Structures are given as C-alpha cells and as structure tokens.
Amino acid sequence: MITDQIVHVLSQHWLPIVVAALVAWLVRNRYHNGLNKYPGPFLASLTDWWRFFDVYGRRPERSHIALHRKYGPVVRLGPNTLSFSDPDALKTIYGLNKGFIKSDFYVVQQSVVKGHSLPSLFSTTDNDFHMQFRRCVNSAFAMSALVQYEPFVDNTTKLFLKQTERLYINDPGACDFTRWLQFYAFDVIGEITYSKRHGFIEKNEDVDGIVAYLTKLFLYVAPIGQIPFLDRLFLKNPIYLKLSEWGLLDATFPVAKFARARMAERLPELENGEPVLPTSEKPTVKSPDLLSKFLAAREARPDFMTDTLVQTMAVSMAFAGSETTAISLSAVFYFLLKNPAALDRLRREIDDAAREGRFSDYETGLVTWHESQTLPYLDMCVKEAFRLHPAPGLPMERIVPAGGLEIAGHRVEGGTIVGCSAWVLHRDENIFGEDVEAYRPERWEVKGEGDEARVKVMNGTMLQFGMGSRTCIGKNISLLEIYKLVPTMLRRFEIRFDDPDSEWEIVNAWFVKQNNFITRFKLRDIVMPEKGVKA
Ligand code: HEM
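Criteria and cut-off values
- Residues numbered from 1 in each chain as written.
- Predicted model: local features only at pLDDT ≥ 70, side-chain atom pairs only at ≥ 80, totals over all residues.
- Heavy atoms only, no water.
- Helix = DSSP H or I, 4+ residues; strand = E, 2+ residues; numbered from the N terminus.
- Buried < 20%, exposed > 50% of the residue type's maximum accessible area, 1.4 Å probe, protein only.
- Patch = residues over 30% accessible without salt bridge, like charges linked within 9 Å, V, L, I, M, F, W, Y side chains within 5 Å.
- Areas by Shrake-Rupley, 256 points an atom, 1.4 Å probe, with all protein chains shown as cover.
- Salt bridge = Lys/Arg side-chain N within 4 Å of Asp/Glu carboxyl O.
- Pairing = 2+ DSSP bridges.
- Lys, Arg positive; Asp, Glu negative; His and termini not counted.
- Polar contact = N/O pair within 3.5 Å; in protein donor to acceptor, adjacent residues only side chain to side chain.
- Contact = heavy atoms within 4.5 Å.
- Axes fitted to C-alpha atoms, helices over the stretch in contact; angles between N-to-C directions.
- Phe/Tyr/Trp six-rings, centres within 6.5 Å; stacked < 30°, edge-to-face > 60°.
- Lys NZ or Arg CZ within 6 Å of the ring centre and 35° of its normal.
- UniProt positions renumbered as here; feature names shortened; annotations may be inferred.

Enquirer: What's the story with unusual backbone geometry in this structure? I'm lost.
Expert: Across the chain, the bulk of peptide bonds are trans and the bulk of non-glycine residues have phi less than zero. Although it is not a glycine, Asn97 adopts a positive phi angle of roughly 55°. Its location among the elements puts Asn97 in the loop between helix H6 (87–94) and strand E3 (101–102). Even without being glycine, Ser195 reaches a positive phi, approximately 60°. Its place among the elements puts Ser195 in the loop between helix H9 (177–194) and helix H10 (200–203). Judged by relative accessible area, which is 36%, Ser195 ranks as partly exposed.

Next up, the structure:
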C-alpha cells in the first residue's frame, strides 16, 4: 500500500522531486567539510564538473595561475578539492610520514590486466604497498647507478646525432622537434630498461603507435581524473573488466607488449636458477640495465616482487619517463631559441670548455655527464626551463588523513583533496622575482651576498619532479639525458626556428606537451681544443 503511494507521488511530482534532490546535493557540496570558507569560482564549490571542463579545455594551468592571483594562497577547485600556492603547504602535503595518500586521480591512470586495475609505483594509492615497492627498486635509480646507464644514453645519443644529420641536414626539411625529442626519450628509456631500443629513431616513426597511444591516454586521464567515477563508466566499466578477465579483450598497452617480450627473453635464463645480478658469478646480462635490476629485486624479495610487479615497473619507465623528459628537453631548446642572449652565453660556455680541451669527445661532440656538471650556465638554463615549463600541469592531488590537519595555517578536514601545482608555485613572485614570466637563467646565478640563500629557497620550491615520498624516482635518469643531450646538440648543430615568429601550442593533458615547435638544423664544425686533441 505504502509502496504504491510512494510510486504514485513520485510519478506525479518527479520533476520537483528531482529539482529538490539536485538543490540539496548542490547545497551539501557547497558546505562540504566547511570548505565554503575558501574562495574560488562559485560553480567549482557546487560540482566537480567545473574542474572537469576546465581541464577538458586543455589549459587548466592558466586558470590555476589566474585563480591564485585573484583569490590568494588557497583556492577551492571543487566541492572537496583545494589548491594551495603557499610554499609552506609543500612540506605538509608532500612531507614524509604525514599520512597523505594519492587521490583517485591516480587510480584512473592504472592499467587493466585480466579484469583488474594494476597499481604501479606511480599510480598506487596504498602507502604501505608503495613503501615496499619503492624499497625494492630504489637502488636502481640512485645517483651512483647513473654511471652504469651512461653508455646506454651514449648509444642512443650517437644514433640521434647521426639521424638528425641524415634526416634534417642531408635532406633539409623542417623537424617537428618535440616529436623528434620524444622519439629520443622513448629510445633512451627502452635502452636503459631493456638494453634494446624500441626503434623510434632508426625508423623515424611512431613504433606500434606507442606515442599516439600515450597521447590519447593522457588526454583521457586528465579530465576523467577530475571525476574519477567516470572511469567506471568508460575504460573501467564492469562489462569491459569482465571481457578482459575472460581474456576476450586484450587492451594491453603497446609498451607492455614490448616489456613482456623483453621479459620472456630473460626469464628462461632465470628459470634455470641462474642469478641475474650483474655482480653475480655468472651474469646473464652483459651490463646492468633496469630490467636486470628489477629481476634482481624479484630474486631478493620473491614474496613481494612478483613477475607482474617487475613488468609493471618496466612499463612505468616508458609511461612516466618518456613524455616528461621530451617535454623538458623541448622546453630547454625552445626557450634558448626564443632568447638568443641566453643561447649565446651557453654556447660561449660550451665552446670555451671545448677550446680548453675539457671534453673527451671531439669527433661526435658527445658530452659526458661529468663534463656537463662543469657547465654552470647550462645548469641555470635547464633549471629556468623546468621553472617556466614544468612537465606536470595539474595539482598533484593528495587526500588529507583522517582527523584533519593544519596546512599552511589553514585547518583542513580529513578526506579533503589537496594539492599544489608546479605551474602556480614556479610563478611565485616572492620567491622567483617579479619577472616570473620571463626566461632568465641568470636568476639562478650565485654571484653576490644573499644569492646562495635566495637560490636555495628557489630550489626548495621547484616541483617539476614532485616532492616527498612520491617524488620522481627517475629524476636522475632524466637529468642524465637532459644535461648530456643539450650541450651535445649545441656542439654539433646550429638550431633555429623554421618560422621565428611562430609560438608553440601547449596542450595540458596532465603532462604539458608542446606542439608546433618546428626547427631547422645546420651542421657546426666542432670546436677543437687550442692545444690539439690528446692522442
Ligand atoms: C624530466 C623528466 C621527468 C619529470 C618532469 C617527471 C615528473 C614526475 C613527477 C612530477 C612525479 C610525481 C607525480 C606525483 O606526485 O603526482 C614523478 C613520479 C615518478 N616518475 Fe618521473 N618524471 C620524469 C622522468 C622520469 C623518468 C625518466 C622515469 C623513469 C625512468 C620516471 C619515473 C617515475 C616514477 C616511477 C614515478 C612514481 C614514483 C613514486 O610514486 O614513488 N620519471 N615523476
């Protein structure tokens, strides 16, 4: 009887009931967790669709910068989301042992294997799992391990130089430089991880559509990650998951296929019980690439480090390490070309070093990591590019632990999503000076009194690699690539814009990619040492 009456009332008055429920939901959102005290766009306080569409517009970093300039250090970006621009917030949100976990934005970035989401080191939201995982693989990324990877980078770099000459000098045409650098970054990571390149540079093509796949994936992840529930309707919907579980659907990421093939080549040796550590008596790999180190971790911790985790780790290298490195390399070259005074000064520094005989290679122009570390202006140019164009383009979201906490002087309830954006922090005039929009490497120069302390504060505010326990594990590898490739290219080539008046186009799909950065190359005579080359 009562049911009949309810159905009757609902069918008669469904419209006002829906409107009332909607209004109640919006009011609840607006006052959720007491966040109504924080300023921000009114619509953002009512629904996450505001930030969905902001990110869908592909330039959310611009709105985040503008919002913080308008509203101050805390901006409400959603009913349950706050963005902080106060550097003091960094220590709390990303600090070690503070209990913050990554938000569901990262769950959207998990791939699906056999019907289940597969958390990676990058995308896991479980701090205990993360801690164990990171401990297993950490040593593979230590600064001391860099020396072992340098020959891999050298191999790919020499090929890159040769192909740049073949494709863009012998057969002069314009080069889509961001794409070309992306090919480079993919092949370096392939070589460091598996001792085998994917073949992007050789073929000058997007092998297996890997770049196109990643681009599409990030274009999906960025907006959907603002309302992670939507992922359950699209890529992780129950039908799709079941089909994947039953093996009727194989949506394996092309990089994962490559990883599986490389693991299959190594695993038979493992099954014979031979150790994989390069230091072991019978090494099964010639030089210690990342895969050999992950497999060694599997030997050391078989209870935790399963084959699946080894593969996940190998795949993450391409997923997290290629686009980000290519973006950063593009930024360094782009800003140098746009700022001829900086380019001249850097070139002088490199040519002087060459004249003084400080490089070991006068044939190909290759610069070693060690040599690159003696070029202070190069360091300033790279840092300034990281500042002005950091690869991560959205706030790195974390969930406040239960019980709540004070963040930069503001009490925030547990469960609230909080984050800082590198694009906002890197444009803090109190820290970087009034001309934050200018590319001025000299701001990193330590010349007079007080400079050291000022630069230290600037360094402490840089967020391009994230911060704290979830900071980028591949930072040293990417620095190895960047600090070697930039001076090497400048020794070998004159690089100029195809059209000096054109600007690049920016697409912020979580990582902030550049399009329309078209260059031309001219071969340069390598500057020789004044005292001649040592035999
Ligand atoms: C310039 C190049 C790079 C940039 C700008 C960059 C940026 C970042 C950022 C911002 C994070 C933290 C994300 C967050 O907290 O939300 C991160 C994490 C990570 N990065 Fe990088 N990355 C770069 C290169 C690399 C490379 C070369 C690799 C692999 C060889 C790599 C692998 C990873 C992994 C596995 C994580 C997750 C670490 C963890 O949670 O413990 N990255 N990266």
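Enquirer: Explain a nonpolar patch on the surface to me, please; I cannot follow it from the model alone.
Expert: Taken together, the side chains of Trp14, Leu15, Val18, Val19, Val23, Val27 and Tyr31 present a nonpolar region at the surface, about 690 Å² in accessible area. Checked against the element boundaries, Tyr31 lands in helix H2 (residues 14–31).

Enquirer: In this structure, what is going on with the pairing of strand E13 (residues 511–515)? I would like to understand it.
Expert: Along any regular strand the residues' side chains alternate between the sheet's two faces. A large share of E13 lies buried, amounting to four of its five residues. Of the pairings in the sheet, the one linking strand E12 (residues 505–509) to E13 comprises five bridges and is antiparallel in character. Its bridge partner being in E13, Ala509 is matched across the sheet by Phe511. Hairpin connection from E12 to E13: one residue lie between these consecutive antiparallel strands, with Trp510 at a positive phi of about 75°.

Enquirer: It is not clear to me how the side chain of Arg398 should be interpreted in this structure. Could you clarify?
Expert: Tracing the backbone through its elements, the reader meets Arg398 in strand E7 (residues 398–399). Buried charge without a partner: Arg398 forms no salt bridge, and the closest opposite charge is Glu397, 8.0 Å away. Within the structure, Arg398 has its side chain in polar contact with the side chain of Tyr106 (distance 3.3 Å). Excluding its chain neighbours within four sequence positions, the residues that come into contact with Arg398 are Ile93, Tyr94, Phe100, Ile101, Lys102, Ser103, Tyr106, Thr416, Ile417, Val418 and Arg470.

Enquirer: Explain the sheet that holds E3 here, please?
Expert: Each strand in a sheet pairs with another by means of backbone hydrogen bonds, the pair being arranged parallel or else antiparallel. A sheet is described by the order of its strands in space; here five strands give the open sequence E1-E2-E10-E7-E3, paired in mixed fashion. Edge positions in the open sheet fall to strand E1 (74–78) and E3, since each of these has one partner strand only. The pairing of E3 with E7 spans two bridges and is classified as antiparallel. Counterpart to Ile101 in the pairing with E7 is Ile399. Contacting E1 and strand E2 (81–84), helix H5 (residues 60–71) runs over the sheet at an angle of about 135° to E1. With respect to the sheet, H6 is in contact with E2, E7 and strand E10 (417–419), its orientation differing from that of E10 by roughly 125°.

Enquirer: Would you take a moment to explain the packing of aromatic side chains for this structure?
Expert: For any pair of aromatic rings, the description consists of the separation of the ring centres together with the inter-plane angle of the planes. Within the structure shown, the criterion is met by 39 aromatic pairs. The ring of Phe122 has Lys102 lying over it, and the distance from NZ or CZ to the ring centre is 4.5 Å. Sitting over the face of the ring of Phe432, Arg387 holds its NZ or CZ atom 5.7 Å from the ring centroid.

Enquirer: Would you mind going over the UniProt feature "transmembrane region" (unreviewed entry) in the protein chain with me for this structure?
Expert: UniProt's feature table lists "transmembrane region" (unreviewed entry) at residues 6–27 and 314–337, given in the numbering used throughout. With 95% helix and 0% strand, residues 6–27 has its two end C-alpha atoms placed 25 Å apart.

Enquirer: How should the pattern of salt bridges be read in this particular structure?
Expert: Side chains that differ in sign of charge can pair as their charged atoms come close. Counting across every chain of the model gives 33 salt bridges. For the salt bridge of Asp289 with Arg266, the shortest nitrogen-to-oxygen distance reads 2.5 Å. One end of the pair, Asp289, is in the loop between helix H13 (254–271) and helix H14 (290–300); the other, Arg266, is in helix H13, with 23 residues separating them in the sequence. Both residues of the pair, Asp289 and Arg266, count as buried.

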